[in-house]
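Remarks on the overall topology
Listed below are the residues making up each chain.
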Amino acid sequence: MVFRNLFRIAGVLAAVMVILIIIFVTSRGIRPFIGGEGGRLDLKEFLTGSRWRSDQGIYGLGFVIINTLLVSIAGGVLALPSAVLSAILITRIAKGKVSVFLTTIVETLAAIPSVVYGVFAAGKITVLVRDLGHLFGISTYGGNSSLAVILLLAIMTYPTMTTLAVSGMRSVPRQLDSASLALGATPTQTSFKVIVPAARSSIVTGFTLGLGRAFGEATAVSMIAGNALTGPTWNPFDITRTLTSTMLTGLHETTGLDYEVRFSVGVILMVVIISMNLLVAAAKKRLEKKGGAAL
Amino acid sequence: MKLKKRFTTLLTVILALAMILALAACDKKQGTDPSQPGAASGTTAGSSPGGDRAIHVYTRDAASGTREGFESVVGFKGKLTEYANEVASNGAMAQQVGQDINGIGYVSLVTNFAENNLKPLKYEGVEATEANVINGSYTLKRPFSFTTRAGNDYASDEKKQIVEAFIAYLADSKEGREVVAAAGGIVEIETGKPWSELKAQYPIVDKDNSALEIVCGGSTSVEKCITAALESFQGIAGNVQFKIDQTGSGDGWTRVLGDEKDGPNASDIGFASRDFKDTEPVDGALRHGIFCQDAIVAVVHKDNAVMDLTKEELYSIFTGDTGTWDAIGR
């Protein structure tokens, strides 16, 4: 009984924290839109605008939302295949110490603070993108670009996805593996056609968590995004602006509307992340239904 | 095959969503952009890719004091080109312009140019050095001004005396100027008087002043300099307390001599990172003046052929009227 109540309290505390955060951010976030008296923002213009000029008092977030979705999803999609393949390597191909070693590396990657990734990205990824642009005769802002952000997010989401995929594949029942091999499938066929489908639930969960990290990553992203003033950014070599970089840039020095509007951006960011999670959850459910029949 | 199909389904759903949103935004953009002021001006080749010599403009975020200084001296406040890369700090500006052969940005004079692959540009033909700032020939700079409350407007005589003593330390003493210079302010140290001479006029510094608090307000740009000065002053002025509540140059005068001088944000010393305006009369103050200067330097990549730019050229680059280095013609 005692323990059950302890768990209950823990659960309630967690829920209260989430609700408190939502209430706080939302109540601050709606301030720029209420209270009239000129200089306040128009909600429609804020949600659909294509210019973010705090120096001119113009706050249009529409293009930022699109940029954020583009770079985060592209980064996640780029990381997913590498994560699944790495997980197969760790659980199916590598043996003993090699497997442990690889797992350690992936776990280390997950533990590196984002500001360290940011310094790495600002010094190396941007240079890579700059030289790549040079190859195509494209002049970039020193490599600060959508593409650099996508590559960074791919690297940052990869460990999360891999860790989840590994644990999913490890928990696939041994019999499935043996049955597949006994039926004459090669180890490779077994990995891709039996193990991966059986572990898909974990893989999708990893993808969701990875996307969450991509959407929420602020420090590293704002170091290489370039924080474009207009958009959306379609050219991968052009500078971009994300919701998080918009919130973070200049936060420490600014005051007034320019400060308050960052809470509004935070509300939008939460909405985007929550709807993305719901979407992936729905996709996962459908996947499960179909897969259940097949297995 | 089933596996592939399932993943394809998942990805299709996600991509479809992205595309729908993308298309929606596309319409919006085409619909509004031409009517937006400043968005047009077809000369902006700086829009990014395309053109090997397209100028890439770098700017600090709108809350930056350096940006405020640069924009007000060059005179393009609110007219910055749409195609600018916004960076969050002086260090990020230095690093990023140093990585971009076509980039141009601005940093404070204390930046290490060589380490960041930067070339400091001459402004109106004058090299950016501390000597040139002090002798007045380098004009891409701004003064850090201060003003006190009116002489009869301090809560107590002790408060008035300690504020006077601090101003003397900050603006007149050799020691105070050294501290300000170490914090990035530009000021002539040699002409300052030794504090040991000055302090004779301010006997209050030898008392225990831990019950007194000097409240500073106004410009955020001066914060580093006055924090350093107050911290060192505390040790030689009987442990006087201080509060630094910087919110912007506009509040410097307002909270000391203007509307808010008796409000909850009232300050003892107000600062502005510019001269006080005609609408901000400081004649009544106990003392007002300039305690140091701040110089801003336009920078390009070290391999850029450009050596110097005029105010007009900087204006035309940063507003987007000039989009390529070829148009600068150097």
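Residues numbered from 1 in each chain as written. Chains lettered and ligands numbered in written order. Predicted model: local features only at pLDDT ≥ 70, side-chain atom pairs only at ≥ 80, totals over all residues. Heavy atoms only, no water.

Moving on to the nonpolar core. In summary, soluble globular proteins display a tendency toward joint burial of nonpolar side chains. By size, the foremost hydrophobic cluster in this structure holds 45 residues, and its most contacted members are B:F70, B:I104, B:Y138, B:L140, B:L314, B:I317 and B:F318. Contributions of two or more residues to this core are made by strand 1 (56–60), helix 2 (65–74), strand 2 (84–87), helix 3 (90–97), strand 3 (103–108), strand 10 (288–301), helix 10 (311–318) and helix 11 (325–328) of chain B. With six residues, strand 10 of chain B is the largest single contributor of residues to this core. For B:F318, the contacting residues outside a window of four places in its chain are B:V57, B:Y58, B:F70, B:F76, B:K79, B:L80, B:T81, B:I104, B:G105 and B:Y106. Counting 43 residues, the second largest nonpolar core, distinct from the first, contains A:L61, A:V204, A:F215 and A:V272. (Core = buried A, V, L, I, M, F, W, Y, C linked by side-chain atoms within 4.5 Å. Buried < 20%, exposed > 50% of the residue type's maximum accessible area, 1.4 Å probe, protein only. Helix = DSSP H or I, 4+ residues; strand = E, 2+ residues; numbered from the N terminus. Contact = heavy atoms within 4.5 Å.)

The subject of this paragraph is the packing of aromatic side chains. Residues and elements named next belong to chain B. In the structure shown here, the tally under the stated rule is 20 aromatic pairs over all chains. On the numbers, 5.0 Å between centres and 65° between planes, the contact of F70 with F318 is edge-to-face. Remark: F318 occurs in helix 10 and F70 occurs in helix 2; sequence separation between them is 248 residues. Residues F70 and F318 agree in their burial class; the two are buried. Note on F271 and F291: the rings are 5.6 Å apart at their centroids and 80° apart in plane angle, and the pair reads as edge-to-face. Separated by 20 residues along the polypeptide, F271 in strand 9 (residues 269–272) and F291 in strand 10 bring together distant segments of the chain. (Phe/Tyr/Trp six-rings, centres within 6.5 Å; stacked < 30°, edge-to-face > 60°.)

Here the focus is the pairing of strand 6 (residues 141–148) of chain B. Residues and elements named next belong to chain B. Extensive coverage of strand 6 is indicated by the burial of eight of its eight residues. Burial along strand 6 is two-sided: K141, P143, S145 and T147 facing one way and R142, F144, F146 and T148 facing the other are all buried. In terms of strand pairing, strand 6 meets strand 10 through seven bridges, oriented antiparallel. Paired with F144 across the bridge in strand 10 is C292. The pairing of strand 6 with strand 9 spans four bridges and is classified as antiparallel. Among the inter-strand pairings, S145 is bridged to a residue of strand 9, identified as A272. (Pairing = 2+ DSSP bridges.)

This next bit is on a negative patch on the surface. Residues B:E175, B:E178, B:E188 and B:E190 make up a contiguous surface patch of negative charge. Turning to its location among the elements, B:E190 is positioned in the loop between helix 6 (174–182) and helix 7 (195–198). (Patch = residues over 30% accessible without salt bridge, like charges linked within 9 Å, V, L, I, M, F, W, Y side chains within 5 Å. Areas by Shrake-Rupley, 256 points an atom, 1.4 Å probe, with all protein chains shown as cover. Salt bridge = Lys/Arg side-chain N within 4 Å of Asp/Glu carboxyl O. Lys, Arg positive; Asp, Glu negative; His and termini not counted. Charge placed at Lys NZ, Arg CZ, Asp CG, Glu CD.)

With that out of the way, let us pick up the pairing of strand 8 (residues 241–246) of chain B. All names here are of chain B. Judged from the six bridges that link them, strand 7 (residues 213–218) and strand 8 form a sheet pairing that is parallel. Paired with V215 across the bridge in strand 8 is K243. Since strand 7 and strand 8 lie parallel, the crossover through helix 8 (residues 223–236) that links them has a hand, and here it is right-handed. (Right-handed = clockwise from strand over helix to strand, strands pointing away.)

Turning our attention to empty space enclosed by the protein. Under the counting rule described, the total for this entry stands at three cavities of 30 Å³ or more. Of the volumes computed, that of the largest cavity is approximately 80 Å³. Residue lining of the largest cavity: A:W52, A:S54, A:R241, A:T246, A:T249, A:G250, A:D258, A:R262, B:D61, B:A62, B:A63 and B:E86, and that is the complete set. When its residues are assigned to classes, the lining of the largest cavity shows three nonpolar, four polar and five charged. (1 Å grid on protein atoms, 1.4 Å probe; cavity = no way out; pocket = protein on both sides within 12 Å on 5 of 7 lines; lining within 4 Å. Points joined across faces, edges and corners; volume = space filled by probe spheres on them. Nonpolar A, V, L, I, M, F, W, Y, C, P; charged D, E, K, R; others polar.)

The values reported here are purely geometric and, on their own, carry no functional implication.
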